[in-house]
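Residues per chain, in single letters:
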Amino acid sequence: MKFTALSLEGAFVVDLELISDHRGFNARQWCARELAANGIPIEVVQSNVISNRRRGTLRGFHYQVEPNQESKLFRVTRGAIFDVIIDLRKSSPTYREWVSIELKANEYRMLFVPEGFAQGFQTLEDDTELIYQVSAFYTPTDGRGIRHDDPAFAIPWPLEVSAISEADRSWPDFEDPDRDHRR
């Protein structure tokens, strides 16, 4: 695996190293020792699959608060997504900053999202599917979200939204007591 740090501390792109021959390829997708040695000490307690029928489907932004903050490791297995992560760690020098990355099934790339980040994505193709491992069990009482069009972040999504859940559409504006309201 090849690890590339993103501009938000603790977030990484992980490219699988394919070993190819006439049969196809083999690649290591998970190695706790190798992940930890590269700054990703994730203990997986849950693994999930998300299937999206329509291009333009938007999911997120989702995160969990303490004591059930979670790290996530995403990989697209069919199709493609525009993935965005937001640093919500108040002690971080990149607090409230975000980065985006495209993940495509045929590129064999993963995105590591550390604790204290919100994550959301939009599908770029019909019938997009992804898998992700999570470091904490889903706990509805600790679940939070940020609306995809929240003016505090002004994310430029690549497509018009074709499908979104009512819950994701209904998150209130992001409130931060330290937020500079002069913007």
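Position labels on residues start from 1 in each chain and follow its written sequence. Per-residue local features are limited, in this predicted model, to residues with pLDDT of at least 70; the limit for side-chain atom pairs, both in listing and counting, is 80 or more; totals at the level of whole chains, interfaces and linings are taken over all residues. Heavy atoms throughout the structure, all of them, feed into the side-chain values; hydrogens and water do not.

Visitor: Could you clarify how one ought to interpret the pattern of salt bridges in this entry?
Guide: Once their charged atoms are close, side chains differing in charge can pair, the charge on each being opposite to the other. For this document, the term salt bridge refers to a Lys or Arg side-chain nitrogen within 4 Å of an Asp or Glu carboxyl oxygen. Going through the model one piece at a time under the given rule, you end up with ten salt bridges. Put simply, lysine 72 and glutamate 70 hold a salt bridge, and the shortest N to O gap is 3.4 Å. When its relative accessible area of 8% is taken as the criterion, lysine 72 is described as buried. One salt bridge in this structure joins aspartate 87 and arginine 89, with 2.9 Å as the shortest N-O distance. Note on classification: 1.4 Å probe, protein chains only; a residue is buried when its accessible area is under 20% of the maximum for its type, exposed when over 50%, partly exposed between these limits.

Visitor: What's the story with the sheet that holds strand E8 (residues 80-87) in this structure? I'm lost.
Guide: Sheet strands associate in pairs through backbone hydrogen bonding, adopting either a parallel or an antiparallel arrangement. Spatially, the five strands line up as an open sheet ordered E9-E8-E11-E6-E13, and their pairing is antiparallel. Bordering the open sheet on either side are strand E9 (98-104) and strand E13 (143-145), each of which pairs with just one other strand. Direction aside, the axes of adjacent strands within the sheet are offset by 25° on average. Any two strands with at least two DSSP-identified bridges between them are counted as paired. Counting from the N terminus, the helices are DSSP H or I runs at least four residues long and the strands are E runs at least two residues long. In this sheet, E13 lies alongside strand E6 (residues 58-64) in antiparallel orientation, the contact comprising three bridges. Within E13, the position partnered with glutamine 64 by the bridge is glycine 143. Comment: axis = line fitted to C-alpha atoms, over the contacting stretch for helices; angle = value between 0 and 180 degrees taken between N-to-C directions.

Visitor: How do you make sense of the confidence of the model for the protein chain when you look at a structure like this?
Guide: Atom-level detail of predicted coordinates should not be read off regions where pLDDT is low. pLDDT measures the predictor's confidence residue by residue and takes values from 0 up to 100. Across the protein chain, the average pLDDT comes to 93, with 96% of residues at or above 70. Residue contacts are counted whenever heavy atoms from the two residues lie within 4.5 Å of one another. In the model, residues 177-183 has pLDDT below 50 throughout and makes eight contacts with residues more than four positions away in sequence or in other chains.

Visitor: What should I look at first to understand the packing of aromatic side chains in this one?
Guide: Geometrically, a pair of aromatic rings is defined through the distance of the ring centres and the angle of the planes. Stacked, tilted and edge-to-face are the three classes applied to pairs of Phe, Tyr and Trp rings, where Trp contributes its six-membered ring and a pair requires centres within 6.5 Å; stacked means planes under 30 degrees apart, edge-to-face means over 60, and tilted covers the rest. Enumeration over the complete set of coordinates arrives at five aromatic pairs. Ring geometry for phenylalanine 61 versus tryptophan 157: centroids 5.7 Å apart, planes at 45°, classification tilted. Of this pair, phenylalanine 61 sits in strand E6 while tryptophan 157 sits in the loop between E13 and helix H2 (166-169); the two residues are 96 residues apart in sequence, bridging distant segments of the chain. Accessibility expressed as a relative area gives 1% for phenylalanine 61, which makes it buried. A relative accessible area of 15% means that tryptophan 157 is categorised as buried. Cluster of aromatic residues (ring-pair linked, three or more members): Phe61, Phe82 and Trp157.

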